2 protein chains.
Amino acid sequence: MSLDGFMPRLTRRRWLAAAALSVALAACAPMPSAPAADPLPSWNEGANKQRIVDFVKAVTTAGGKDYVAPGDRIAVFDNDGTLWVEHPMYTQLAFVLDRIRQLAPQHPQWKTQEPFKSLLAGDMKGVQAAGEKGLIEMLLAAQSGSTPEEFERVVGEWMKTAKHPRFKRPYDELTYQPMQELLRYLRANGFKTFIVSGGTVDLMRGFIEPVYGIPNEQVIGSRQKFAFTVKDGKPMVTMLPAIEFIDDKEGKPIAIAQIIGKRPIAAFGNSDGDFQMLQWTTAGSGRRLGMLVHHDDAVREYAYDRDTAFGRLADGLDQYQAMGWGLISMKNDWKVVFAPGK
Amino acid sequence: MSLDGFMPRLTRRRWLAAAALSVALAACAPMPSAPAADPLPSWNEGANKQRIVDFVKAVTTAGGKDYVAPGDRIAVFDNDGTLWVEHPMYTQLAFVLDRIRQLAPQHPQWKTQEPFKSLLAGDMKGVQAAGEKGLIEMLLAAQSGSTPEEFERVVGEWMKTAKHPRFKRPYDELTYQPMQELLRYLRANGFKTFIVSGGTVDLMRGFIEPVYGIPNEQVIGSRQKFAFTVKDGKPMVTMLPAIEFIDDKEGKPIAIAQIIGKRPIAAFGNSDGDFQMLQWTTAGSGRRLGMLVHHDDAVREYAYDRDTAFGRLADGLDQYQAMGWGLISMKNDWKVVFAPGK
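I will try to describe carefully the structure that is included in this document. Just so it is clear, the structure is predicted and the values come from calculations on it, not from any experiment.

Here we come to the sheet that holds strand 5 (residues 266-269) of chain B. Pairing within the open sheet is mixed, and its seven strands lie in the order 4-3-2-1-5-6-7 (chain B). Edge positions in the sheet fall to strand 4 (234-245) and strand 7 (326-329) of chain B, since each has one partner strand and no second. Strand-to-strand, the axes of this sheet are offset by a mean angle of 30 degrees, without reference to chain direction. Sheet topology places strand 2 (residues 192-200) of chain B next to strand 3 (residues 219-231) of chain B; three bridges connect them, and they run parallel. Within strand 3 of chain B, the residue paired with B:Ile195 across the bridge is B:Val219. In this fold helix 11 (residues 251-260) of chain A packs onto strand 3 and strand 4 of chain B, with an angle of close to 145 degrees to the strand it touches most, strand 3 of chain B.

Shown next, in the form of structure tokens:
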């Protein structure tokens, strides 16, 4: 929207009135004649930034061959390692370990029961020895029995006090500034942005809305079973100690198809858990964008890919070129890594 | 947004320029000084219309004791019997029966296999004798094997040709005009509207977006199992012949908690399948709205409640007053029933 068509020749007096109106206009829609600010200032110029900008331009140019209607501009993002830090361990795991320690006084049996016993004794090797089964057992012990609303509050409280062991900052400050800009840039261009993460959805809902500007209903994750009960006339939904759905690998496209009900046109991940999501997204007809964040910056964050317990990237590294995906180098593509503090 | 503050004293010439600008302004935001048109013109004045208007005013009045931030203005709607006709049978069932007839030539075994045999012979009593198990068997036979995108197209094609047996109009024209107005009224007041229906979600996604203005990602329903496979390098999500989740009764609050991740502040239904959804919604703290559509208009639509196979309402009738819910009379509260033709 511009004043040009309406007021071709302005006297000073009319200009003042028009200027006041233009303030009002600017408040409701961006003026296309204004010089376009860089929407991705934390990204270095290069092939990856260009790929994003070209894609957005292509799918939003009305009449263009790649145009996509706003309702179909669905973009999906993995969370751990794609939008925020996932080393030295998934933040959800850090929460679970803290929560088990906090709940321990109410569960005296944990003193003799693995993997709780090792955790409470500070023996992390013992915890690791319990493997995935032990981790899930701890997760369910930490996350069951309450309503999802109560659990969100517990997570929110934890987020206020817990600190990342290396960066000494709250975990929700350790989101990647370039990805935050990308989320906002896509939304400013009519995209609807979704999180599609392996983490359990209720944990994410304890902090995600203010951090990424993504509402609960656009967060997809692994799901615990829920129960609905009525006690003394009071209806309640409670979290049960059982996993209903794992939102990882094949689970990601399945959850997207079931819950979003549309194939995304853009997908962002960082590990092989995101492979199928990118594969399904970019195999759709029309222009698509798939990108992987590569953790290659040991100085500012971490460097890992094929050989790590959290966020392993091997298939993606081997195949990203053949699949036509972009590989984002944290080291080379990003001017800064973390968003500024709150 | 108004021009008043900027241009208190207008000359004719300036007025012309300002008028042109006001057109531009009007395009981006409603002017609060304009007289408020009735947002629910198909509703007769009365307690139910007033209840809706009072609720919306209460939760949207900034600074008021009942104010709810826009992000938490979640309203959920059942579909069958709440937003559109569900007699003489659920529209999904009409689709399934037509689809089985259409697919029959590819399934010669159905000629000797119940309930397919009865259906193909036109023996509806035989179909009914197969009970719920038989219906689900037919549903899965009608709705499996394709991708959800292909299935949406099949449903869309059917919707173009199938006609309701009594009203002789396409099913997607048999939505309730007063409820359509209610959906728009809530959205105009910052609500996000969701469908939470017992029907399978992929069937609904074949027609809902243009009909109700509700995008796929805000449609929750019963879910079939999906599979993700890669064949000759082509990734695919396909619908399996198995039900994963039934979105009815206790299932509704569970699905809302899992997928929306927020307790709604308003819920609308018409049958006992919606009871728990209304119960959970209205038990939340702060101001809430629960309403049931009562089918009491045999002349313009249908009259049924306690004694029907589709949309039984007994618990709701017995308890709506004690629960503080509104009971909408189609006969008395609605000036018109159906939305005008396309």
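Let's shift gears to the nonpolar core. Residues A:Val76, A:Ile195, A:Val196, B:Val76, B:Ile195 and B:Val196 are the most contacted members of the largest nonpolar core, which totals 152 residues. Once residues within four sequence positions are removed from consideration, A:Val196 is found in contact with A:Val76, A:Phe77, A:Asp78, A:Ile220, A:Asp247, A:Lys252, A:Ala255, A:Ile256 and A:Met277.

Time to look at unusual backbone geometry. Residues and elements named next belong to chain B. A cis amide bond links His87 with the next residue in sequence, Pro88, at an omega value of 5 degrees. For Pro88, the position within the fold is in the loop between strand 1 (74-77) and helix 3 (91-103). Here the residue pair Glu114 and Pro115 is connected by a cis peptide bond, since its omega of 0 degrees sits within 30 degrees of zero. If you trace the backbone, Pro115 turns up in the loop between helix 3 and helix 4 (116-120). Residues other than glycine seldom take positive phi values, yet Lys168 does so here, at roughly 55 degrees. Summarising the element assignment, Lys168 is placed in the loop between helix 7 (148-161) and helix 8 (177-188). We classify Lys168 as exposed; it has 7 C-beta atoms within 10 Å. The residue Asp232 is not glycine, and still its phi comes out positive at about 50 degrees. Counting through the fold element by element, Asp232 comes out in the loop between strand 3 and strand 4. The class of Asp232 is exposed, set by 4 C-beta atoms lying within 10 Å.

Thresholds, definitions, all that
Counting starts from 1 at the beginning of each chain's written sequence and moves along it residue by residue. Written order determines the labels here, with chains lettered from A and ligands numbered from 1. Residue-level local features of this predicted model are given only where pLDDT is at least 70; pairs of side-chain atoms are given and counted only at 80 or more, and the full residue set underlies all totals for whole chains, interfaces and linings. For two strands to pair, DSSP has to find at least two bridges joining them. Helix and strand labels come from DSSP, where a helix needs a run of H or I of at least four residues and a strand needs a run of E of at least two; each type is numbered from the N terminus. The axes are straight lines fitted to the C-alpha atoms, using for helices just the contacting stretch, and the angles between their N-to-C directions are given from 0 to 180°. With C-beta atoms placed from the backbone, a contact is any residue pair whose C-beta atoms sit within 7 Å. For our purposes the nonpolar core covers buried Ala, Val, Leu, Ile, Met, Phe, Trp, Tyr and Cys residues that link as a set through C-beta atoms within 7 Å. Residue burial here comes from a neighbour count, namely the number of other C-beta atoms, placed from the backbone, that lie within 10 Å of the residue's own C-beta, with 20 or more meaning buried, 12 or fewer meaning exposed, and in between meaning partly exposed.

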